[in-house]
Amino acid sequence: MQVDVGVFGATGYAGREAVRLLSVHPRCRVAFATGRADGHVSHEEGLSRRADAYLLALPHGVSGSYAETLRASFPAAAVVDLSADLRLPTAAEYAAWYQHQPPAPALLGRAPYGLTEWSRDAVRGARLVANPGCYATAMALPLLPLFAAGLVEDDVVVDAKSGATGAGKGPREDLLFCELADDFSAYAPGRSHRHIGEVEAALFAATGRRPSLTFCPHLLPVKRGILATLYVRTPHPAAALREAIAARYAGERFVHVVDAPPRLSDVAHTNDSRISVHDGGPGRVVVFSAIDNLGKGAAGQAIQNLNLALGLEEGLGLPSLSGGRA
Ligand SMILES: NC(=O)c1ccc[n+]([C@@H]2O[C@H](COP(=O)([O-])OP(=O)(O)OC[C@H]3O[C@@H](n4cnc5c(N)ncnc54)[C@H](OP(=O)(O)O)[C@@H]3O)[C@@H](O)[C@H]2O)c1
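What you are looking at is a predicted structure, and each value in this text was computed from that prediction instead of being measured. (Residues numbered from 1 in each chain as written. Predicted model: local features only at pLDDT ≥ 70, side-chain atom pairs only at ≥ 80, totals over all residues. Heavy atoms only, no water.)

### A few points about empty space enclosed by the protein
- Counted according to the given criterion, the structure contains one cavity of 30 Å³ or more.
- What lines the largest cavity is simply E17, R20, L21, R224, H269, T270, N271, G295, G300, L318 and P319.
- Ranked by residue count, the leading element in the lining of the largest cavity is helix α1 (residues 13–22), at three residues. (1 Å grid on protein atoms, 1.4 Å probe; cavity = no way out; pocket = protein on both sides within 12 Å on 5 of 7 lines; lining within 4 Å. Points joined across faces, edges and corners; volume = space filled by probe spheres on them. Helix = DSSP H or I, 4+ residues; strand = E, 2+ residues; numbered from the N terminus.)

Structural data, given as structure tokens:
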């Protein structure tokens, strides 16, 4: 039997990727897709359409209220929210990072944080899932096993680069082709990027330790992909950190520890994460982490979570260069 999925925000980058993945998913089909474009239903009309599951690829500040309405109208359906609206545990933390009150405060702390490899027991059968952010996924996948094993100090520096789809489709001068092409720049300096709060909260929830992150995002003149370079302080050799990460993800279909620094082209258009670990000089190890921001960083992980929530095999319909399509 096919599962009907309603995709909200299908005219945006993450929602469009979700529709693309669902269109070749062996068990799901797109029941409707919302957006202001031909062939789409309006966002508001989608709220009255019954489906087995919903993916919300809407802006933060909006998405949470859609989740609340769908939960009330269709309590049997699974809802996966790709926005940040359900990711932080408290309204105070949300307001501190987003500078406005959360749209659905009653739902905070009630949806598992869907970094799937760390939360699959909670996501399995869940009716509401908070899908992680793209940078947050790239950072948390290598950091979680290192913090859980107590191998690194709290002080972590992350230098990350993202393709321009990470910023969404809204018109912005700095995203014009002539501003972006053949150029490279940093943005959100200081402790201003919101994914810092998300990663610190996720690490605290999983390990009881709250790291001190210095996070510098950069805008790459490519469409998709994130490469994060993490500089961690540790008394241990790089081989010990590599082994801890590899052991934690042994047998995982989508997370792979590799020898050479991963390239964006290794992960583009897949749900894969690739991680490599290297000596960084005395007391320091360098970790590279690559994902596709629209794949494992958004729509791919959302469908991984959706599969689990619906009781389907977790990797169903998801592309992987390492494991193939399930
Ligand atoms: N892009 C990424 O790499 C990425 C990664 C992880 C998570 N996310 C999250 O996923 C969500 C979507 O991101 P995106 O990059 O796909 O954004 P986007 O390209 O800007 O698309 C936004 C979508 O939301 C709709 N929308 C905009 N304002 C709305 C409103 N007031 N009410 C209802 N719908 C509205 C738009 O539809 P119309 O314009 O057609 O109305 C469009 O379909 C965001 O919360 C984002 O943080 C994105």
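### As for the site of the ligand
- The immediate surroundings of the ligand are formed by 27 residues, with T11, A14, R36, H43 and L58 found nearest.
- The backbone of G9 places a nitrogen or oxygen atom 3.2 Å from an oxygen atom of the ligand.
- Residue H43 places a side-chain N or O atom 2.8 Å away from an oxygen atom belonging to the ligand.
- If you map the ligand onto the pockets, it falls in the largest pocket.
- Sorting the residues of the shell around the ligand by element identifies α1 and α11 (295–309) as the ones contributing at least two each.
- Across the shell around the ligand, the residue classes tally to 12 nonpolar, 12 polar and three charged.
- When residues of the shell around the ligand are assigned to domains, at least three fall in each of domain 1 (3–132 + 296–309) and domain 2 (135–293). (Near = heavy atom within 4 Å. Polar contact = N/O pair within 3.5 Å; in protein donor to acceptor, adjacent residues only side chain to side chain. Sits in = over half its atoms within 2 Å of the grid points. Nonpolar A, V, L, I, M, F, W, Y, C, P; charged D, E, K, R; others polar. Domains from an automatic or database assignment.)

### Considerations on the sheet that holds strand β2 (residues 28–33)
- With respect to topology, five strands assemble into an open sheet ordered β2-β1-β3-β4-β5, the strand pairing being parallel. Bordering the open sheet on either side are β2 and β5 (128–130), each of which pairs with just one other strand. Between one strand axis and the next, the sheet turns by 20 degrees as a mean value, whatever way the strands run.
- With four bridges joining them, strand β3 (residues 53–56) and strand β4 (residues 78–81) adopt parallel strand pairing. Directly across from L55, in β4, lies its bridge partner V80.
- Here α1 sits on the sheet and contacts β1 (3–8), β2 and β3; the angle it forms with β1, its principal contact strand, is near 160 degrees. (Pairing = 2+ DSSP bridges. Axes fitted to C-alpha atoms, helices over the stretch in contact; angles between N-to-C directions. Contact = heavy atoms within 4.5 Å.)

### Considering the sheet that holds strand β12 (residues 284–291)
- If you trace the seven strands from one edge of the open sheet to the other, you get β7-β8-β6-β9-β12-β11-β10, paired in mixed fashion. Strand pairing shows two members of the sheet lacking a second neighbour, β7 (185–186) and β10 (255–257), which therefore form its edges.
- Summarising the sheet, strand β6 (residues 155–162) and strand β8 (residues 212–219) pair through eight bridges and their orientation is parallel. When the bridges of β8 are listed, A160 appears paired with P217.
- In the packing of helix α9 (residues 238–248) onto the sheet, contacts are made with β9 (226–233), β10, β11 (273–279) and β12, and the angle to β11 comes to roughly 160 degrees.

### What to know about the domain arrangement of the protein
- In terms of domain boundaries, the protein breaks down into domain 1 (3–132 + 296–309) and domain 2 (135–293).
- Between the C-alpha centres of domain 1 and domain 2 the distance comes to 23 Å.
- Taken together, the contact between domain 1 and domain 2 spans 25 residues of the former and 34 residues of the latter.
- Taking both partners together, domain 1 and domain 2 bury about 2,400 Å²; carbon and sulfur atoms supply 56% of that area.
- For domain 1, the biggest contributors to the area lost against domain 2 are W97, W118 and K296; these three give 34% of the whole.
- Our count for the contact surface shared by domain 1 and domain 2 stands at three salt bridges.
- Among the salt bridges present, the one from R87 reaches E198, with a minimum N-O distance of 2.9 Å.
- Where domain 1 touches domain 2, the interface holds 15 residue pairs in polar contact (both at pLDDT 80 or more). (Buried area = accessible area lost by both parts, 1.4 Å probe. Salt bridge = Lys/Arg side-chain N within 4 Å of Asp/Glu carboxyl O.)

### Examining the packing of aromatic side chains
- Counting across every chain of the model gives seven aromatic pairs.
- A centroid spacing of 5.1 Å and a plane angle of 75 degrees characterise the contact between Y135 and F215, whose relative ring orientation is edge-to-face. Here F215 lies in strand β8 and Y135 lies in helix α6 (residues 134–148), a separation of 80 residues in the sequence. The same class applies to Y135 and to F215, which are both buried. (Phe/Tyr/Trp six-rings, centres within 6.5 Å; stacked < 30°, edge-to-face > 60°. Buried < 20%, exposed > 50% of the residue type's maximum accessible area, 1.4 Å probe, protein only.)

### A short note on the layout of surface pockets
- In this structure, the largest pocket occupies an estimated 1,200 Å³ of space.
- Of all the elements in the fold, those that place two or more residues in the lining of the largest pocket are α1, α2 (43–46), α6 and α11.
- A per-element tally of the lining of the largest pocket places α1 first, with three residues.
- Counted by class, the lining of the largest pocket contains 21 nonpolar, 18 polar and six charged residues.
- Split by domain, the lining of the largest pocket shows at least three residues from each of two domains, domain 1 (3–132 + 296–309) and domain 2 (135–293).
- Estimates place the volume of the second largest pocket at around 370 Å³.
- In this structure, the second largest pocket is lined by 21 residues; those nearest its centre are R87, Y113, A201, A202 and A205.
- Of all the secondary-structure elements, those providing two or more residues to the lining of the second largest pocket are α5 (116–123) and α8 (195–207).
- Broken down by element, the residue count for the lining of the second largest pocket peaks at six residues, all from α8.
- Its residues assigned to classes, the lining of the second largest pocket shows 14 nonpolar, two polar and five charged.

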